[in-house]
Each structure stands twice: as C-alpha cells, then as structure tokens.
Amino acid sequence: MEQLYPIRLNAVCKDYIWGGTRLRTEYHQQSSAAKVAESWVLSCHPDGPAVIANGECRDLTLNEYFKMAGRRVLGSDCEKFPDFPVLIKLIDAKDALSIQVHPDNEYARAHGGGFGKTEMWYIVDCEEGAYLYYGFDHEISKEEFRERIENNTLTEVLNKVTVHPGDVLMIESGTLHAIGAGILIAEIQQNSNLTYRIYDYGRPGADGKPRELHIPQALDVTRRSRPARPVGPQGDEIREPGCVKTLLGSCEYFTVNRMKITEHALCASEKSFQSILCLSGDALILDRGRTLLTFAKGDSIFLPAGFGRYTVKGGLRNFADRGLSRSSRFAIFPVSQITMPPLTPRTCPVMKPACSEARNDTAAAISSGEPMRHSGVSSRSSSMVCSENPAFISVAITPGAMQLTRTPEGPTSFASAFVSPMTAALAAE
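Before going into details, it helps to say that this report is about the structure given with it. Please read all numbers here as calculations on a predicted model, not as lab measurements.

## What to know about the nonpolar core
Counting 44 residues, the largest nonpolar core has L42, Y65, F66, M120, F254 and F302 as the members making the most contacts within it. Where this core is concerned, the elements lending two or more residues are strand 1 (7-10), strand 3 (38-42), helix 2 (62-69), strand 5 (86-93), strand 7 (119-126), strand 10 (168-171), strand 12 (183-190) and strand 18 (274-280). It is helix 2 that provides the largest number of residues to this core, a total of four residues. Sequence-distant contacts of Y65, that is, excluding residues within four places in its chain, are made with Q3, I7, I52, C57, L60, G70, V73, F302 and P304. Listed in part, the 20 residues of the second largest apolar core include Y107, Y133, F145 and L154.

Spelled out as structure tokens, the structure:
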C-alpha cells in the first residue's frame, strides 16, 4: 500500500454554543450541526481524530495511518514527544468564549490530565472593533484574583486587546485568555483538550444548565500578570522567489509561518511531516511538473516526513480550465504518477531555504484551502473562478533537546498507536 503521498484530511467539527456558520459556508467544513464552532483540521486527539479523504489510506484516521506507516512519516524532530505534539483548529466565535486558562505539562500530568496546553492564535478575520482578553493589564495577587471571580469583576483587570486580521498571539500555558465575539481564528496548540473555565457570563450549556467552572484549578495555574509576549508576528516578511513568508510565532513545541505563494518549491524532509491548512486561494501540489493534488480554502493537507521535494503553485483561475474536474480535486492522483517506490523517501537536494533543516522552512503549512468532504463529493461547482494566490501558515515542530515523558497512570491517547521501543513521538516541523 502506498503510504507516502499528499494526504487530504476530513476534519472533525464541534458545535459548541458560541459558534457560528462561517466555517461551513466560507471554509467548506462539513457538518449537519446548526453551529460549527471549531474544525479540528489536523488532529490525532481521541476527542476528534481527523480522517484521510483520499488515496490508498482513505477512511483511516490519522492515528490508524501512523500505526500502519510507523514513526518515519512523522520525522525525527518528533522524537522528543511521547504523543503527537500538535492539534490545529479553525475557530469561528460568533459569540464570546468563556474566560479560561490551560495548565502546563507538569500540573496536567499531576492531576490526571495528560499534557498541558500552549497555543498560538492567528487572526484570520474579525468584525470591526472585535476584541479578546489576553492575560492581565497589571499584576494582581491570588487573593484579588479569587475575589474578582467571586464578585464578577474579573474583566476589569484583564488585558483587553482589539484585534485585526493578521494579528498573532502566543498563549503560553498559565495565561488567562478569552476569544471575543466576531473573530475567526486559526489555532495551533499542543495536542491537549484540557481547559479550566473561570467565567462564562452565566450562560447555560446545551442541556440548559450553567456550564461547569474550574475555579480551584484556575487559581493554581494562572499567571496573574501581563503577558510576556507582545501581540503581532514574531518576524518580518521575507521575500523568496514565488513566496512571501512571515514567521508568526515560535515556542518549544512548534514554529508557525505564514506563506503567500505564486509558485514555490518546498521539501518534506525526514526531519518532520508538513501540514497545509489553506486560508485563502487555490493551489496545486506538483512533483516535477506533475499534478499530485489540488487544494483550496479550508483544505487541510498532510505531507509525510521523507516525501521529499514538491512545488506549490497558486493562482488557479478555473479548475475546469486546467482539466481538473470537481471530483478529481478531491482524489489523489494515481500512485503510478508519483515517481517513487512505496516508503522510499525521495531525496531533498540542496536547494532554496524551503528545503533546509531550518525550522521556519520545514513547516507544516496551515494554508489557505478548500472544502471538507466525508464522501468525496463537494458542494462547490467545478466552474468556480478563483484567481487568488494561496495564503497559508506553515506549522512545524521546533527542534530542541526538550524531552517530555508520560507518567504510567496517564492516558495513552496517541502513543498507544505505536509498537516501538522509542519513548518519544511525533512532530510537525
């Protein structure tokens, strides 16, 4: 079975009470729910693993694919992690989310929660005047924190940030935060679903009862000071042939770049897999001029580590003009058209920085993409015109010596999918 090819993923959608409809109507995420709050576009989490939509591994979850293909498809930069390290989402906040905080790894493991959560927000779009909360506007004591929670005056001391498309916030574990109404976000986070809710505006959940709060845990883990990181991209724009790239953010778990491409060579080296989430535009993935796959706004593509060099070409005016029917857009081209033997990585010759070992270039791309499919059939017409070059963010595991371990009583989640003597796991550089 061919295992090294560009993989299209069907996301898992969540219908939380604060969600809207844009992920379905604009980003083509498929869900029968009235609201689509989140789309987990790259996920191995047991609460919602993504499913492969094309090729010989179609209908496998990512967990099942990794179990079958082995760790080689994840890359060497993942070896410091005992579980698949990242979870990538699109979030549509029609209404405000709760004020909340995530613990760090040590606290999460000590309290049976697996791993903590550091996350990064990229503001894809927002309404005029939309805002969110990001830490405190000044340092407060634990006693004041407790009192303000009890008397509903907590928002008076929070750092309120008015946001604009393109803004970036690195939400380190322990940082109090809340997404406000009218904001659409791409979120890159540790592979964790552990949240301590502090304040929820008194609104009921789907069962009509107030949603659970986690005040004791929040008092334990919250940093009661201003955030250390400023709002905005971490790096400046870098212009390369056919590509404009910006480092959005980097932490010990992942490195994220935004890329706007007309035509640019990339490389999925043996260091890490790459993940593309398309946020706007349409594009082709080419191998030596041969079309392997097409993608567009809302699509999530996984390229296994060791896949080798490939080219992303954007600015498609009309898929029908290229001889690509709507059905062919959502099926991988035959393996015979991919000139490599099964499980034999193609070489990455010395080339542009896109193929270097630098963490900013070997990146899982959260890009500008296309629709979600569960049956291989899409609601979009093949005659749709789109002349916009793709814009995407690339997510990669940050190389380093950090080593995470799992306590024996902790949940197995993703690591249980592997039969391997290695104690570390996966990555996304």
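## What to know about the sheet that holds strand 19 (residues 282-287)
Spatial ordering of the open sheet is given by 17-22-19-20, a layout of four strands whose pairing is antiparallel. Looking at which strands have only one partner, the edges of the open sheet turn out to be strand 17 (263-268) and strand 20 (290-296). When strand polarity is set aside, the average angle formed by the axes of neighbouring strands in this sheet is 30°. Where strand 19 and strand 20 come together, six bridges link them in antiparallel fashion.

## Describing the side chain of S300
Mapping S300 onto the fold places it in strand 21 (residues 300-303). Classification of S300 as buried rests on a relative accessible area of 1%. Separated by 2.8 Å, the side chain of S300 and the backbone oxygen of V41 make a polar contact. Excluding residues that lie within four positions of it along the chain, S300 makes contacts with I7, R8, L9, V41, L42, S275, I276 and L277.

## Digging into the packing of aromatic side chains
Enumeration according to the criterion identifies 13 aromatic pairs in this entry. An angle of 40° between the planes, with centres 5.7 Å apart, marks the rings of Y16 and W18 as tilted. Its relative accessible area of 28% is what places Y16 among the partly exposed residues. For W18, a relative accessible area of 4% puts it in the buried group. Ring-pair connections join several aromatic residues into one group, and the members of that group are Y65, F66, F84, F273 and F302. When the ring centre of W40 is taken as origin, the NZ or CZ atom of K14, which lies over that ring, is 4.6 Å away. It is K160 that lies over the ring of Y131; its NZ or CZ is 4.1 Å from the centre.

## Observations concerning the environment of M170
Mapped onto the elements, M170 comes out in strand 10. Residue classification places M170 among the buried positions, given a relative accessible area of 5%. Along the backbone, M170 and C251 are 81 residues apart, and their C-alpha atoms lie at a distance of 8.4 Å.

## Section: the layout of surface pockets
By volume, the largest pocket amounts to about 380 Å³. Elements that contribute at least two residues to the lining of the largest pocket include exactly strand 3, strand 5 and strand 7. Residues belonging to the lining of the largest pocket are distributed by class as follows: seven nonpolar, seven polar and seven charged.

## Comments concerning the pairing of strand 21
Along strand 21, one buried face is formed by S300 and F302 and the opposite face, lined by I301 and L303, is buried too. For strand 1 and strand 21, the ladder comprises two bridges, and the chain directions are antiparallel. Following the sheet pairing, R8 is matched in strand 21 by I301. Pairing of strand 18 with strand 21 involves four bridges; the strand directions are antiparallel. Within the sheet, the bridge partner assigned to S275 lies in strand 21 and is F302.

## Points about the pairing of strand 7
Within strand 7, seven of the eight residues are buried, which leaves the element mostly enclosed by the surrounding structure. As judged from the four bridges shared by strand 7 and strand 10, these two strands associate in the antiparallel manner. When the bridges of strand 10 are listed, E119 appears paired with I171. Note: strand 7 against strand 12, seven bridges, orientation antiparallel. Bridge pairing in strand 12 links E119 to Q189.

## Examining the environment of S192
With respect to the helices, strands and loops of the structure, S192 is situated in the loop between strand 12 and strand 13 (196-199). Distance in space between the C-alpha atoms of S192 and G113 is 8.7 Å, their sequence separation being 79 residues. Among the polar contacts made by the side chain of S192, one reaches the main-chain carbonyl oxygen of F115 at a distance of 2.9 Å.

## Regarding unusual backbone geometry
At D59, a residue that is not glycine, the phi angle is positive and equals roughly 80°. With respect to the helices and strands, the residue D59 is situated in the loop between strand 4 (51-52) and helix 2. Even without being glycine, N152 reaches a positive phi, approximately 60°. Mapped onto the elements, N152 comes out in the loop between helix 4 (142-150) and strand 9 (158-162).

## Brief notes about the pattern of salt bridges
Side-chain pairs of opposite charge can arise whenever the charged atoms involved come near each other. Throughout the structure, instances matching the rule amount to 15 salt bridges. The partner of E187 in a salt bridge is K89, and the shortest N-O contact between them spans 3.8 Å. Of this pair, E187 sits in strand 12 while K89 sits in strand 5, and the two are 98 residues apart along the sequence. Taken as a pair, E187 and K89 share a single burial class, namely buried. Of the charged contacts in the structure, one is a salt bridge between K245 and E240, with a shortest N-O distance of 3.5 Å. Given a relative accessible area of 15%, E240 falls into the buried group. One salt-bridge network, in which partners are shared between bridges, spans R22, E26 and D125.

What counts, and at which threshold
- Residues numbered from 1 in each chain as written.
- Predicted model: local features only at pLDDT ≥ 70, side-chain atom pairs only at ≥ 80, totals over all residues.
- Heavy atoms only, no water.
- Core = buried A, V, L, I, M, F, W, Y, C linked by side-chain atoms within 4.5 Å.
- Buried < 20%, exposed > 50% of the residue type's maximum accessible area, 1.4 Å probe, protein only.
- Helix = DSSP H or I, 4+ residues; strand = E, 2+ residues; numbered from the N terminus.
- Contact = heavy atoms within 4.5 Å.
- Pairing = 2+ DSSP bridges.
- Axes fitted to C-alpha atoms, helices over the stretch in contact; angles between N-to-C directions.
- Polar contact = N/O pair within 3.5 Å; in protein donor to acceptor, adjacent residues only side chain to side chain.
- Phe/Tyr/Trp six-rings, centres within 6.5 Å; stacked < 30°, edge-to-face > 60°.
- Lys NZ or Arg CZ within 6 Å of the ring centre and 35° of its normal.
- 1 Å grid on protein atoms, 1.4 Å probe; cavity = no way out; pocket = protein on both sides within 12 Å on 5 of 7 lines; lining within 4 Å.
- Points joined across faces, edges and corners; volume = space filled by probe spheres on them.
- Nonpolar A, V, L, I, M, F, W, Y, C, P; charged D, E, K, R; others polar.
- Salt bridge = Lys/Arg side-chain N within 4 Å of Asp/Glu carboxyl O.

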